[in-house]
Amino acid sequence: MTQKRYSNQDLADIFQTIANLLEIKGEVIYKILAYRKAADSLRDYGGNVYDVWQEGKLTDIPGVGKAISEKIDELYTTGQLEFLDKLSAEVPPSLAEMLEVPDLGPKKVALFWKELGIIDLADLEAAARGGELQELPGMGEKSEAKILAGIESLSRRTTRTPLWKAWPAAEDLLARLRQIPGVEIAVAGGSLRRMRETVGDLDLLVAAEDSSPVMEAFTNLPEVLQVIGSGKTKSSVEFNNGLRAQLWVHPPERFGTALQYASGSKDHNVRLRELAIKQGLSLSEHAFTRQDQSEILCANEEQVYEVLGIPWIPPEAREDRGEVQAALAGELPDFIELSDIQSELHTHSTWSDGKLSIKEMAIAARNHGYKALAITDHSPSLGITQGVTVEDFKKQRAEIDSAQKDLGDSILILQGSEVEIKADGTLDYPDQVLAELDIVFASLHVSLRQPREQVTQRLLNAIQNPHVDVIGHPTGRLIPDREGSDLDMEAVFAAAAQSGVAMEINAHPMRLDLNDIHARQAIEMGILLSINTDAHSPGELDLMHFGVATARRGWVEAKHVINTWEPERLLSWLRSRG
DNA sequence: GCCGTTTTCGGCCCGACTGTTTTCAGTCG
């Protein structure tokens, strides 16, 4: 017996594979959906599933019942899963890679496998090139060509697009759609509107009486590489850069149901439709339909939720993570909003790698309406940035005092530091230096790939230092290329709850660190958060909304976030710490 | 396979688009 400590993601991958193989095998759809649901739920689970297993409470996890909990138990106990081994012997696992091809689903994959012995993408491409596919029942020339094009597009589009790339692309497209005569509204839907950290396709929504000129203009945009589909209410295209976009056009009086539908998530929508059914209604993107076929139209999204008898749920919270149940129970959180943010606490100036002087940054922050700004330049050990030396702090304080004098009480400037947590786990300044600062962030930038115990211990050291106020971008991840450190987040949060240190949600869209799931876990443990842009230039102060969106995805309220507080309260909290 | 403020059994959302078809199956979101 070999034991393996499968991560949440490992388990999710295993059940996702099972779902795919069962689907090709032709198992009933609801069993497949159950495995998929369990996979999503395990992946998104806040704590470690391993710990839940040890407590014997696996079935507390949504979507995990008797059969799946037994499989998890077998995996943790034996390191194997007999069910999957048997299934793999029956259905070659390599078949699943063909499901990635657009327009290729389980039925076709099974057909190709059984009729032509095709078991992977290479076989598929060869058969398509040889014209073998079009001979099969239900297939034809066009279908075969589509599959070839699909295989080709796979190499162009291997991963989801990070939010920071998708957002400006969508803004640009929407601005151009708004120029088209007859377009009354043009907004983003889908995972972009929900502000997921990565986005599959861009989903764009337009309200217009006549859809055809809009569709026409959209499919003829100069950067369109190919039109994947085009109809009266929906078109989808692939752009030169590999990005895909879909456009829905609905009349203004039906825009509410359309926007709600296209914003998803799919699972959230299923919950809403279940609610509708309980009220004798059927909900689609077009309208609510009563049993006598008469319709209830919703011009805006608020009306959709009103008909269902629940409060409007912000798009960021529509992931079927209990939001509909909470709405029914009147227990939705009072989600934080951008306007709640009173100060920016993590920024850099020319004292390290920032672009602007302290005063210039303060003016930029004031222009954002902030009441306080903390300058938190790097400490010296981080080689790439010339950090602030211990001797520099006095001069920097003088510059802050001077800037403060010039700006009067229009904004409060705090002297802070983003002190490096060095590879050996010590901080880059001695305690007596940290004690002099108004606010101290401690962050990891180096040796992020240390073993779990070691890197976790470094963070714990910082958390337990009484002079540290906030842990900056805790995991150190960069989207999409760098995974965060292999931290034991349970231990990190337990220590943070104990010491009272705040954890950052870094708003930079390449970081979003803590992420939504960790943020939710943190507030549930009573940990305070701080949302900051880590701005190195004035433009980056605009990134705050990404951090707030991530917080909303984590059900965070203003009361959980220290930089929603008035400066006086913030100062008194900082003073109460070491 | 999961789940329960009508159910511990019998449900499990709804429609658009495409390509192959003479009325529909497959795929997608």
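Every chain is numbered on its own, with residues counted from 1 as its sequence reads. Chains carry letters and ligands carry numbers; both start at the beginning, A for chains and 1 for ligands, and go up in the order they are written. Per-residue local features of the predicted model are confined to residues with pLDDT of at least 70, and side-chain atom pairs are confined, for both listing and counting, to 80 or more; whole-chain, interface and lining totals are unaffected and use all residues. Excluded from the side-chain calculation are hydrogens and water; included are all heavy atoms of the structure.

What follows covers the overall build of chain A. In DSSP terms, a helix is any run of H or I states spanning at least four residues, a strand is any run of E spanning at least two, and both are numbered starting from the N terminus. The helix and strand inventory of chain A stands at 23 helices and 17 strands. Radius of gyration here is computed from C-alpha atoms only, and the compact-globule reference equals 2.2 Å multiplied by the residue count raised to the power 0.38. In terms of C-alpha radius of gyration, chain A reaches 26 Å, essentially the compact-globule figure of 25 Å for 578 residues. Projected onto its principal axes, the C-alpha coordinates of chain A cover approximately 80 × 70 × 50 Å. We call a residue buried when its accessible area falls under 20% of the maximum for its residue type, exposed when it is over 50%, and partly exposed in between, using a 1.4 Å probe and counting protein chains only. Out of the 578 residues belonging to chain A, those deemed buried represent 53%. For this analysis, residues touch if any pair of their heavy atoms sits within 4.5 Å. The contacts in chain A between residues at least 6 apart in sequence include a share of 67% that link residues at least 24 apart. With the model as given, the accessible surface of chain A reaches about 25,300 Å², and the carbon-plus-sulfur share is 50%. Each charge class in chain A can be summarised by its mean position, and for the 59 positive and 89 negative side chains these summaries are 2 Å apart. Per-residue and other accessible areas follow the Shrake-Rupley method at a 1.4 Å probe size, with only the shown protein chains counted as cover for residues. The charge count treats Lys and Arg as positive and Asp and Glu as negative. His and the chain ends do not count. Where a charge lies is defined by one atom per residue type, namely NZ (Lys), CZ (Arg), CG (Asp) and CD (Glu).

Before going further, it helps to examine a nonpolar patch on the surface. Taken together, the side chains of Ile-29, Tyr-30 and Leu-33 make up a nonpolar region of the molecular surface, amounting to roughly 340 Å² of accessible area. Tracing the backbone through its elements, the reader meets Tyr-30 in helix H2 (residues 29-44). Distance thresholds for patches are 9 Å for like charges and 5 Å for nonpolar side chains (Val, Leu, Ile, Met, Phe, Trp, Tyr), applied to residues having over 30% relative accessible area and no salt bridge. Salt bridge, as used here, is a side-chain nitrogen of Lys or Arg placed within 4 Å of a carboxyl oxygen of Asp or Glu.

A few words on the domain arrangement of chain A. As assigned here, chain A comprises domain 1 (8-91), domain 2 (96-154), domain 3 (161-250), domain 4 (256-328) and domain 5 (338-576). Bear in mind that the domain bounds are from an automatic or database domain assignment. Spacing between the C-alpha centres of domain 1 and domain 2 amounts to 28 Å. Facing 5 residues of domain 1, the contacting portion of domain 2 comprises 6 residues. Note on definitions: buried area is the accessible-area loss of two parts on being combined, 1.4 Å probe, summed for both. For the pair domain 1 and domain 2, the two sides together bury roughly 560 Å², of which 74% comes from carbon and sulfur. Scanning the region where domain 1 abuts domain 2 turns up 0 salt bridges.

The next thing to look at is the protein's contact with DNA strand B. Surveying the vicinity of DNA strand B reveals 46 residues, the closest of which are Gly-65, Gly-105, Gly-140, Ser-230 and Arg-273. Whether a residue is near a molecule or strand depends on its heavy atoms: if one lies within 4 Å, it is near. Here DNA strand B approaches the protein such that, of its atoms within 4 Å, sugar and phosphate make up 77%. N or O atoms closer than or at 3.5 Å make up a polar contact, with two conditions inside protein: a donor-capable atom paired with an acceptor-capable one, and, for residues adjacent in sequence, both atoms drawn from side chains. At a separation of 3.0 Å, a phosphate oxygen of DNA strand B approaches a polar side-chain atom of His-286. Elements supplying a minimum of two residues to the surface near DNA strand B: H2, helix H4 (66-78), helix H6 (106-116), helix H8 (141-156), strand S5 (224-230), strand S7 (244-250), helix H13 (266-278) and strand S8 (282-283). Note on residue categories: nonpolar means Ala, Val, Leu, Ile, Met, Phe, Trp, Tyr, Cys or Pro, charged means Asp, Glu, Lys or Arg, and polar means any other residue, Gly included. Looking at the surface near DNA strand B residue by residue, the class counts come to 17 nonpolar, 14 polar and 15 charged.

Further remarks concern the sheet that holds strand S10 (residues 295-296). At least two DSSP bridges between two strands are required for those strands to pair. Strand order in the open sheet made by the 3 strands is S8-S9-S10, with antiparallel pairing throughout. Of all strands in the sheet, those with a lone pairing partner are S8 and S10, marking the two edges. Pairing geometry for strand S9 (residues 288-289) and S10, over 2 bridges, is antiparallel. Following the sheet pairing, Phe-288 is matched in S10 by Ile-296.

On the surface, Glu-184, Glu-209, Asp-210 and Glu-253 cluster together to form a negatively charged patch. Turning to its location among the elements, Glu-253 is positioned in the loop between S7 and helix H12 (255-263). Residue Glu-253 is classed as partly exposed on the basis of its relative accessible area, which comes to 35%.

Among the residues of helix H20 (residues 489-499), those classed as buried are Met-489, Val-492, Phe-493, Ala-495 and Ala-496. Across the axial projection of H20, the buried residues extend over an arc of 165 degrees, all falling on one side. Contacts made by the buried residues of H20 are with helix H19 (452-464), strand S16 (502-506) and helix H21 (516-524). Of the residues trailing H20, Gly-500 is marked for its positive phi of about 80 degrees. Each direction from the helix axis to a C-beta atom contributes to the arc, which is the arc of those directions.

To continue, consider the pattern of salt bridges. Taken as a whole, this structure holds 36 salt bridges when the rule is applied. A salt bridge links Lys-146 to Asp-103; the nearest nitrogen and oxygen atoms lie 3.9 Å apart. Of the two residues, Lys-146 is situated in helix H8 and Asp-103 in the loop between helix H5 (82-90) and H6; the sequence distance between them amounts to 43 residues. In this structure, the salt-bridge partner of Arg-271 is Asp-320, at a minimum N-O distance of 3.0 Å. Here Asp-320 lies in the loop between helix H14 (301-308) and helix H15 (323-328) and Arg-271 lies in helix H13, a separation of 49 residues in the sequence. Accessibility expressed as a relative area gives 25% for Arg-271, which makes it partly exposed.

This paragraph deals with the sheet that holds strand S12 (residues 372-378). Read across the sheet, 7 strands follow the order S11-S12-S13-S14-S15-S16-S17 without closing on themselves; strand pairing throughout is parallel. Each edge of the sheet is formed by a strand with only one pairing partner; in this case those strands are strand S11 (343-347) and strand S17 (529-532). Relative to S12, S11 runs parallel, the two sharing 3 bridges. Residue pairing for S12: Glu-344 is matched across the bridge by Leu-373. Lines fitted to C-alpha atoms define the axes here, with helix axes fitted over just the stretch in contact, and angles between the N-to-C directions of these axes take values from 0 to 180 degrees. Along the sheet, helix H22 (residues 544-553) contacts S11, S16 and S17; its crossing angle with S17, the most-contacted strand, is approximately 150 degrees.

This part covers the environment of Leu-225. Topologically, Leu-225 is positioned in strand S5. Judged by relative accessible area, which is 44%, Leu-225 ranks as partly exposed. Once you skip the residues sitting within four places of it in the chain, Leu-225 turns out to touch Arg-156, Glu-238, Phe-239 and Asn-240.

Whether two aromatic rings pair depends on their centres lying within 6.5 Å, for rings of Phe, Tyr and Trp, where Trp uses its six-membered ring; planes under 30 degrees apart make the pair stacked, over 60 edge-to-face, and the rest tilted. Under the defined criterion, the tally for this structure stands at 11 aromatic pairs. Consider the rings of Tyr-50 and Trp-53, whose centres lie 5.7 Å apart with planes at 45 degrees: the pair is tilted. With Tyr-50 and Trp-53 both in helix H3 (residues 49-54) and 3 residues apart, this pair spans about one turn of that helix. The same class applies to Tyr-50 as to Trp-53, namely buried. Clustering of aromatic rings is evident, with ring pairs tying together Tyr-6, Tyr-50, Trp-53 and Tyr-76. Throughout this description, the term charge over a ring refers to an Arg CZ or Lys NZ atom that lies within 6 Å of the ring centre and within 35 degrees of the ring normal. The positively charged end of Lys-71 is found above the aromatic ring belonging to Phe-83, 4.4 Å away from the centroid. When the ring centre of Trp-555 is taken as reference, the NZ or CZ atom of Arg-520 above it lies at 3.7 Å.

Bringing the packing of helix H7 (residues 121-129) against H8 into the picture now. With their axes 9 Å apart at the nearest point, H7 and H8 run at an angle of 140 degrees to one another. In terms of orientation, H7 lies oblique with respect to H8. Between H7 and H8 lies a crossing whose hand is left-handed. Taking contact as the criterion, the partners of Leu-121, Leu-124, Glu-125, Ala-127, Ala-128 and Arg-129 in H7 are, on H8, Glu-144, Ile-147, Leu-148, Ile-151 and Leu-154. Classifying every residue of the contact of H7 with H8 by side-chain character gives 8 nonpolar, no polar and 3 charged. Throughout this description, any angle smaller than 35 degrees is read as roughly parallel, any larger than 145 degrees as roughly antiparallel, any in the 65 to 115 degree range as roughly perpendicular, and the remainder as oblique. Definitions for this section: a left-handed crossing has its near helix turned counterclockwise from the far helix by less than a right angle. A right-handed crossing has that turn clockwise.

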